[in-house]
Amino acid sequence: MGKLKLPGYGTLIPVAVLLGFAPFVPEPHLLGKVRMLLSGTLTKPLDIFDLFWHVWPFALLACRVVVDFRGGGKPAAGHRP
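Residues numbered from 1 in each chain as written. Predicted model: local features only at pLDDT ≥ 70, side-chain atom pairs only at ≥ 80, totals over all residues. Heavy atoms only, no water.

With that out of the way, let us pick up the overall build of the protein. Along the protein, the regular secondary structure elements total 3 helices and 0 strands. Along the protein, from the amino end to the carboxyl end, the secondary structure elements read α-α-α. Within the protein, the proportion of its 81 residues that are buried is 23%. Restricting the contact set of the protein to residue pairs at least 6 apart, pairs at least 24 apart contribute 62%. Accessible area for the protein stands at about 6,300 Å²; split by element, carbon and sulfur atoms hold 73% of it. (Helix = DSSP H or I, 4+ residues; strand = E, 2+ residues; numbered from the N terminus. Buried < 20%, exposed > 50% of the residue type's maximum accessible area, 1.4 Å probe, protein only. Contact = heavy atoms within 4.5 Å. Areas by Shrake-Rupley, 256 points an atom, 1.4 Å probe, with all protein chains shown as cover.)

Here it is in structure tokens:
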């Protein structure tokens with residue numbers, strides 16, 4: 001099985017913040033969708049797709065963190081295998 005190649009933190013964090021929380025006013029979109037999910041009103045397919053659209057950057061960032069903590073990330077500078 002091939003190694004999982006993920007973008008760096010310099011890419012993932014801004015994408016997660018911008019896409020995950022946009023639009024910022026009057027409330028972050030993701031928070032509104034999570035509120036709908038918890039109250040049981042997230043039933044329309046478009047709303048469910050919208051929730052996944054705003055969550056995927058955080059899921060990718062979480063995958064990157066897990067890979068790095070398990071030692072699957074790039075070696076530190078000056079480290080020789």
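Once the structure has been displayed, the description carries forward.
Let's shift gears to the confidence of the model for the protein. Per-residue confidence for the protein averages 82 on the pLDDT scale, and 83% of its residues sit at or above 70. Per-residue pLDDT, averaged within each element of the protein, yields its smallest value for helix α2 (residues 29-39) (88) and its largest for helix α3 (residues 45-69) (90). (pLDDT = per-residue confidence, 0-100.)

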